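Breakdown of the fold
Listed below are the residues making up each chain.
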Amino acid sequence: KAGVTQTPRYLIKTRGQQVTLSCSPISGHRSVSWYQQTPGQGLQFLFEYFSETQRNKGNFPGRFSGRQFSNSRSEMNVSTLELGDSALYLCASSLEDPSTDTQYFGPGTRLTVL
Amino acid sequence: GESVGLHLPTLSVQEGDNSIINCAYSNSASDYFIWYKQESGKGPQFIIDIRSNMDKRQGQRVTVLLNKTVKHLSLQIAATQPGDSAVYFCVPNQAGTALIFGKGTTLSVSS
């Protein structure tokens, strides 16, 4: 069974631009979560989607948004990029609920904002 | 809300030694606990989990111990190998809430 895939793996953007990251969960997994990882803040929860609905949200500004499609694939968008948005963005999938089912992570997208 | 504290941000061991990574959590309602390993350049990888109705669970070379009374769990790695060098995250879960990862413990294994 294929694991969680994320595209692109690396991305360089400039301040003010916007970016869209993509995540394909493990087949059969319906929950997708997104995380931001930085050296200073560690691994922080962004949001979680289940059945095309955002079910949980972390403490990030509205510039960070996401969506999930009917095939469980998910995208996250960051608008008006800031230097501080440079980070590794991780996507994880689980069967139904990441708080009770094991969550499997993708390799991440490394975003650099110049 | 939940907070997770790993007792040591870094741990250095010799190859072949046993490693113990400790973790304290704050939410007594946490009922499912997962350990993840993250190697450089990769996403976190599931190692082992334990539910609150257990106090010990063993995997291949790893053992997790849970003490709900003092809200503490530990990950023991037997015969540590250079490939075990990574950042380890302890993640306590409560149904319906977001996962809190914290900053992890960096394990360095020297040969």
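Located above this text is the structure these notes cover.
Residues numbered from 1 in each chain as written. Chains lettered and ligands numbered in written order. Predicted model: local features only at pLDDT ≥ 70, side-chain atom pairs only at ≥ 80, totals over all residues. Heavy atoms only, no water.

**Side note on the state of the cysteines**
Residues and elements named next belong to chain B. The condition that has to hold: Put simply, a disulfide is two cysteine sulfurs that come within 2.5 Å. For the purposes of this entry, the term helix denotes a DSSP run of H or I that reaches at least four residues, the term strand denotes a run of E that reaches at least two, and both are numbered from the N terminus. For each residue, the accessible area found with a 1.4 Å probe, counting protein chains only, is set against the maximum for its type, and the residue is called buried under 20%, exposed over 50%, and partly exposed in between.
The final tally for this structure, using the stated rule, is two disulfides over all chains. The disulfide that involves Cys23 links it to Cys90, with 1.9 Å between the sulfurs. Here the S-S torsion is close to -55°, and the disulfide linking Cys23 with Cys90 is therefore left-handed. In this pair, Cys23 sits in strand β3 (residues 19-25) while Cys90 sits in strand β9 (residues 86-93), placing the two residues 67 residues apart along the sequence. Residue Cys23 is classed as buried on the basis of its relative accessible area of 0%.

**Quick word on the sheet that holds strand β2 (residues 10-14) of chain B**
Residue and element names in this part refer to chain B. How we decide: Any two strands with at least two DSSP-identified bridges between them are counted as paired. For helices, the axis comes from a line fit to the C-alpha atoms of the stretch in contact; other axes are also lines fit to C-alpha atoms, and the angle between any two N-to-C directions lies between 0 and 180 degrees.
Reading across from one edge, β2-β10-β9-β4-β5 is the order of the five strands in this open sheet, with mixed pairing throughout. Each having just a single partner strand, β2 and β5 (45-51) make up the two edges of the open sheet. Shown here is a sheet whose adjacent strand axes are inclined to one another by a mean of 20°, direction ignored. Relative to β9, strand β4 (residues 32-38) runs antiparallel, the two sharing seven bridges. Among the inter-strand pairings, Gln38 is bridged to a residue of β9, identified as Val87.

**Focus: unusual backbone geometry**
Cis rather than trans, the peptide bond between Thr7 of chain A and Pro8 of chain A has omega equal to -10°. Its identity is not glycine, yet Lys71 of chain B carries a phi of approximately 55°, on the positive side. Considering the arrangement of structural elements, one finds Lys71 of chain B in the loop between β7 (62-67) and β8 (72-77). Even without being glycine, Ala79 of chain B reaches a positive phi, approximately 50°. Looking at where Ala79 of chain B falls in the secondary structure, it is placed in the loop between β8 and β9. Under the relative-accessibility criterion, Ala79 of chain B is labelled partly exposed at 37%.

**Side note on the nonpolar core**
Basically, it comes down to this: Within this scheme, the nonpolar core is defined by two criteria: the residues are buried Ala, Val, Leu, Ile, Met, Phe, Trp, Tyr or Cys, and they are joined through side-chain atoms within 4.5 Å. Residue contacts follow a heavy-atom distance rule, with two residues in contact if any of their heavy atoms lie within 4.5 Å.
Core analysis: the largest hydrophobic core is formed by 21 residues, its most contacted members being Trp34, Leu46, Phe64, Met76 and Tyr89 of chain A. Of all the secondary-structure elements, those providing two or more residues to this core are β3 (19-24), β4 (31-38), β5 (42-50), β8 (74-78), β9 (87-94) and β11 (109-113) of chain A. Those residues in contact with Tyr89 of chain A that sit more than four places away from it in its chain are Gln6, Leu21, Tyr35, Gln36, Leu46, Phe64, Met76, Gly108, Thr109 and Leu111 of chain A. One finds Leu66, Ile77, Leu107 and Val109 of chain B within the second-largest nonpolar core, a separate group that totals 20 residues.

**Side note on the layout of surface pockets**
Defined as follows: In this analysis the probe radius is 1.4 Å and the grid spacing 1 Å, with only protein atoms considered; a cavity is a set of points the probe fits into but cannot get out of, a pocket is an open set with protein on both sides within 12 Å along at least five of seven lines, and lining residues have an atom within 4 Å of a point. Grid points are joined across faces, edges and corners, and a volume is the space filled by probe spheres set on the points. Think of it as three bins: nonpolar holds Ala, Val, Leu, Ile, Met, Phe, Trp, Tyr, Cys and Pro, charged holds Asp, Glu, Lys and Arg, and polar takes everything else, Gly as well.
If you add up the space inside the largest pocket, you get close to 320 Å³. Considering the residues around the largest pocket, the lining is formed by 15 residues, among which Gln37, Thr38 and Pro39 of chain A together with Gln38 and Val87 of chain B are closest to the centre. Its volume calculated, the second largest pocket comes out at about 260 Å³. Contributing to the lining of the second largest pocket are 13 residues, with Lys37, Phe46, Ile47, Gln60 and Val62 of chain B lying nearest its centre. Listed by contribution, the elements that provide at least two residues to the lining of the second largest pocket are β5 and β8 of chain B. With four residues, β5 of chain B is the largest single contributor of residues to the lining of the second largest pocket. Of the residues that constitute the lining of the second largest pocket, the class distribution is seven nonpolar, three polar and three charged.

Interpretation note: all reported values are geometric properties and have no functional meaning in isolation.
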